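Spelled out, the chains give:
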Amino acid sequence: MSSEDSKKSGEASVESVTRREFLKYSTGTLSALALYSLPFGAVRAGRKVQRYPIRPQVATTLEAMISFPTTLPGLSKPQICEVDQYTKFGYGNWTLGSPRPLVPRTDIMPAHYGSASAGRKVKFIHFFSFSDIPITDKEAPNQLIHFQQIERFAYNNTSIYSPVMMYTTHVLDAAVQTVNALHKKNRFDFGLSLGDTCNSTSYNELCWYLDVIDGKVITPSSGAHLGTDSIEYQKPYQAAGLDRSIPWYQTMGNHDHFYLGSFPVAANPALGFRQSYVADSVWSMADILVPNLRTFPVLFNIDGMAAQPRVYTGVIDGSSPFGKIIQAGPATDAAFAAGAPKVAADPDRRSLVRTEWKQEFFRTTTHPVGHGFHLAGKDSPPGFACYSFIPNPKVPLRVIVLDDTQREDEGSTDIHGHGYLDAQRWAWLQAELARGQADNQLMIADFRDPPEQRLQRFHRHGERRSGRRRGNTSRHVAKVRHCGSTNRPGGTVPFFSLPDHERQRHETHLHRRTHDASRGRCGQRRALR
């Protein structure tokens with residue numbers, strides 16, 4: 001965020017208020033977060049923006065779990081966009097239920113290990129993680145929103161549409177506040193973000209994500225900034241920001257450098273991916289979301305986007321209180337006889353390549369500078385996003401952050417959401433594991449897709465599966481592969497070390513709070529006038 005933009009954002013004063021449940025119309029809620037609201041204005045000189053403080057009482061899943069009906073009458077999956085009907089059918093209602101007990105994971109220990117043989121137990125590291133946040137620019141012209149309503153294979157694909165899209169930055173802000181509150185009760189040593197911070201590798205999306213964590217004024221709209229004076233999810237607000245005493249580290253995800261986490265932006269220039277981000281008209285494309293079983297395991301083909309018939313994929317109307325989907329339907333409809341529907345173009349919607357995405361982490365106000373990417377090594381090629389760090393020099397623990405997303409140039413026309421290691425990253429991982437083993441350290445491997453999900457091996461560039469436990473690598477921290485972003489319960493899960501046989505066995509608690517979150521607009525980025 002530039003000093004000029006900071007000054008402009010600072011002209012608006014901040015008013016701390018509570019807010020009514022803005023998640024009322026979302027498909028999921030966050031444990032121990034209850035939010036309320038009062039009106040507030042857009043970011044203009046002399047106007048006020050609000051904070052959205054959570055309730056001071058927070059809990060982990062050791063204390064309570066969210067409870068809600070698994071089935072409710074009412075809307076079918078293609079109708080989940082009818083958010084104005086949610087209250088009628090009781091969607092979004094939840095209560096606090098029974099806690100989730102801590103379960104010792106002796107199944108991941110060596111055969112000779114027995115819990116009865118363990119001596120003194122020590123908590124020696126405490127950290128949180130965020131995963132699958134996908135911040136989304138809901139007004140961008142190149143989304144696939146309409147396919148969630150018309151393509152049965154996309155009914156469950158929340159990457160292309162979810163009502164949470166309207167409030168994603170708000171959800172992240174609430175999750176950050178929850179971390180801060182838990183930090184006051186039991187200090188975190190560090191935090192991990194497990195990737196997919198963006199939904200579709202957009203500059204707007206990454207800026208919103210970083211500005212929420214930095215505690216900036218967020219303007220969660222783009223283009224014409226519709227509804228910033230009157231629509232709840234469009235109004236600017238002051239993010240709380242992560243407690244400055246907590247260092248946090250970043251992992252790269254497939255959504256962070258691929259279009260919707262699926263396709264390289266520059267894979268086929270004829271498709272116009274890069275231009276579609278900053279265009280002044282809604283994108284049209286063919287339906288490529290029907291899996292082709294005849295080409296299994298490659299189920300989709302990016303080149304099919306140019307086929308016929310074509311569909312205008314729609315945007316969220318920021319001037320509508322329930323996020324109405326507009327400018328969507330078959331390109332042959334009479335409504336589009338005059339051509340592609342228009343939107344207000346926004347240069348800050350532009351797509352980011354790996355190097356640009358990484359560089360933004362060196363411009364934050366939280367720490368460490370670079371959030372791990374400063375450790376990637378000067379001899380590494382541009383865009384290399386693997387590194388390791390030692391959270392506490394007094395604890396023999398190394399965290400290995402592995403970028404196991406696919407390469408943009410690996411040649412596949414399939415969806416790029418698979419776990420992937422080229423020869424260079426495979427060699428780097430082996431060297432890191434060997435170093436940790438030689439230094440007699442415990443190791444945590446942090447990567448996007450757990451090994452259970454790796455069903456494909458890519459041979460073109462010597463790629464290998466990743467994530468196998470070896471030696472002292474006692475647990476991986478990874479997101480579960482998904483069709484889209486979903487809310488995940490937060491809480492505390494056990495983490496057991498796999499120590500050297502001569503060393504006292506320890507027990508550590510890995511605090512994981514995983515929240516589906518937000519989609520907002522970077523405080524940097526210009527104040528409304």
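Given the structure is predicted, the values throughout are model-derived calculations rather than measurements. (Residues numbered from 1 in each chain as written. Predicted model: local features only at pLDDT ≥ 70, side-chain atom pairs only at ≥ 80, totals over all residues. Heavy atoms only, no water.)

**Some points on helix H4 (residues 168-185)**
At 3.6 residues per turn, the α-helix brings residues three or four places apart onto the same side.
Point 1. The end-to-end C-alpha distance of H4, which contains 18 residues, comes to 26 Å, matching closely the 26 Å that a straight helix rising 1.5 Å per residue would cover.
Point 2. Here H4 lies mainly inside the structure; 16 of its 18 residues are buried. (Helix = DSSP H or I, 4+ residues; strand = E, 2+ residues; numbered from the N terminus. Expected span 1.5 Å × (residues − 1). Buried < 20%, exposed > 50% of the residue type's maximum accessible area, 1.4 Å probe, protein only.)

**Here we look at the pairing of strand S14 (residues 397-401)**
Point 1. Of all the five residues making up S14, five are buried; the element is thus mostly covered by neighbouring parts of the structure.
Point 2. Residues Leu-397, Val-399 and Val-401 of S14 are buried on one face, and the alternating residues Arg-398 and Ile-400, pointing to the opposite face, are buried as well.
Point 3. Two elements, strand S13 (residues 387-389) and S14, share three bridges in a ladder whose sense is antiparallel. Paired with Ser-388 across the two strands is Ile-400, which belongs to S14. (Pairing = 2+ DSSP bridges.)

**Notes on the pattern of salt bridges**
Side chains that differ in charge, positive against negative, can pair when their charged atoms come close.
Point 1. A complete count under the given rule lists 13 salt bridges for this structure.
Point 2. Of the charged contacts in the structure, one is a salt bridge between Arg-349 and Asp-137, with a shortest N-O distance of 3.3 Å. Of this pair, Arg-349 sits in the loop between strand S12 (325-330) and helix H8 (354-359) while Asp-137 sits in the loop between strand S5 (127-130) and helix H3 (147-150), and the two are 212 residues apart along the sequence.
Point 3. The class of Arg-349 is buried, set by a relative accessible area of 2%.
Point 4. Taking relative accessible area as the criterion, Asp-137 reaches 2% and is therefore assigned buried.
Point 5. Residue Arg-448 pairs with Asp-196 through a salt bridge whose shortest N-O separation is 3.0 Å. Placement of Arg-448 in the loop between strand S15 (442-447) and strand S16 (473-478) and of Asp-196 in the loop between strand S6 (190-193) and helix H5 (203-214) is noted, with a sequence separation of 252 residues between them. (Salt bridge = Lys/Arg side-chain N within 4 Å of Asp/Glu carboxyl O.)

**Re the sheet that holds S12**
Point 1. Spatially, S10-S11-S12 is the arrangement adopted by the three strands of the open sheet, whose pairing is antiparallel. The strands lining the two open edges of the sheet, one partner per strand, are strand S10 (284-285) and S12.
Point 2. Direction of pairing for strand S11 (residues 311-316) relative to S12: antiparallel, over a ladder of five bridges. From the neighbouring strand, Tyr-312 faces S12, where its bridge partner is Gly-329.

**Details of helix H9 (residues 423-438)**
Point 1. Given a rise of 1.5 Å per residue, 16 residues ought to cover 22 Å, and the 22 Å separating the end C-alpha atoms of H9 matches this to within 8%.
Point 2. Immediately beyond the C-terminal end of H9, within one or two residues, lies Asn-440, with a positive phi of roughly 60°.

**Some details on the packing of aromatic side chains**
Point 1. Under the counting rule described, the total for this entry stands at 24 aromatic pairs.
Point 2. An angle of 10° between the planes, with centres 3.7 Å apart, marks the rings of Tyr-249 and Phe-389 as stacked. One end of the pair, Tyr-249, is in strand S9 (residues 248-250); the other, Phe-389, is in strand S13, with 140 residues separating them in the sequence.
Point 3. Residue classification places Tyr-249 among the buried residues on the basis of a relative accessible area of 11%.
Point 4. Relative to Phe-273, the ring of Tyr-259 lies with its centre 5.0 Å away and its plane at 50°, an arrangement referred to as tilted. One end of the pair, Tyr-259, is in the loop between helix H6 (254-257) and helix H7 (273-277); the other, Phe-273, is in helix H7, with 14 residues separating them in the sequence. (Phe/Tyr/Trp six-rings, centres within 6.5 Å; stacked < 30°, edge-to-face > 60°.)

**Here we look at the sheet that holds S5**
Point 1. The sheet built from three strands is open, its strands ordered S5-S6-S9 with parallel pairing. Two strands lie at the open edges of the sheet, namely S5 and S9, each paired on one side alone. Ignoring strand direction, the axes of neighbouring strands in this sheet form an average angle of 20°.
Point 2. Sheet analysis places S5 next to S6, joined by four bridges and oriented parallel. Bridge pairing in S6 links Phe-130 to Ser-193. (Axes fitted to C-alpha atoms, helices over the stretch in contact; angles between N-to-C directions.)

**Some thoughts on the side chain of Thr-178**
Point 1. With respect to the element layout, Thr-178 can be found in helix H4.
Point 2. Judged by relative accessible area, Thr-178 falls into the buried class, the value being 0%.

**Side note on the environment of Tyr-387**
Point 1. Its location among the elements puts Tyr-387 in strand S13.
Point 2. The spatial distance from the C-alpha of Tyr-387 to the C-alpha of Ala-376 is 4.8 Å, given a sequence separation of eleven residues.
Point 3. Beyond its immediate sequence surroundings of up to four residues, Tyr-387 is in contact with Tyr-249, Gln-250, His-371, Gly-372, Phe-373, Leu-375, Ala-376, Val-399, Ile-400, Val-401 and Trp-428.
Point 4. Separated by 2.7 Å, the side chain of Tyr-387 and the backbone oxygen of Gln-250 make a polar contact. (Contact = heavy atoms within 4.5 Å. Polar contact = N/O pair within 3.5 Å; in protein donor to acceptor, adjacent residues only side chain to side chain.)

**Some remarks on the confidence of the model for the chain**
One rule of thumb: low pLDDT means the predicted coordinates there are not for detailed reading.
Point 1. With 75% of its residues at a pLDDT of 70 or more, the chain shows a mean pLDDT of 79.
Point 2. Segment residues 15-42: pLDDT under 50, and 107 contacts once partners within four positions in sequence are set aside and those in other chains are kept.
Point 3. The model gives residues 451-476 a pLDDT under 50, and that stretch makes 81 contacts with residues more than four places away or in other chains. (pLDDT = per-residue confidence, 0-100.)

**Observations regarding unusual backbone geometry**
Point 1. Pro-309 follows Gln-308 through a cis peptide bond whose omega is -5°.
Point 2. A positive phi angle is found at Leu-260, which is not glycine, with a value near 50°.
Point 3. In this fold, Leu-260 is placed in the loop between H6 and H7.
Point 4. Although it is not a glycine, Asn-440 adopts a positive phi angle of roughly 60°.

**With respect to the packing of H4 against H5**
Point 1. H5 packs onto H4 with a crossing angle of 30° between their chain directions and a minimal axis gap of 9 Å. With respect to each other, H4 and H5 are oriented roughly parallel. Seen from above, H4 lies across H5 with right-handed handedness. In this structure, H4 uses Thr-169, Leu-172, Asp-173 and Val-176 to contact H5, whose residues at the interface are Trp-208, Tyr-209, Val-212 and Ile-213.
Point 2. A class-by-class count of the residues in the contact of H4 with H5 yields six nonpolar, one polar and one charged. (Parallel < 35°, antiparallel > 145°, perpendicular 65-115°, else oblique. Left-handed = near helix turned anticlockwise from the far one by under 90°. Nonpolar A, V, L, I, M, F, W, Y, C, P; charged D, E, K, R; others polar.)

**Topic: the state of the cysteines**
Point 1. Evaluation of the coordinates by the stated rule reveals zero disulfides.
Point 2. Unpaired in terms of disulfides, Cys-198 finds its nearest cysteine sulfur in Cys-207, a separation of 8.7 Å.
Point 3. Assessed through its relative accessible area of 0%, Cys-198 is described here as buried. (Disulfide = S-S within 2.5 Å.)

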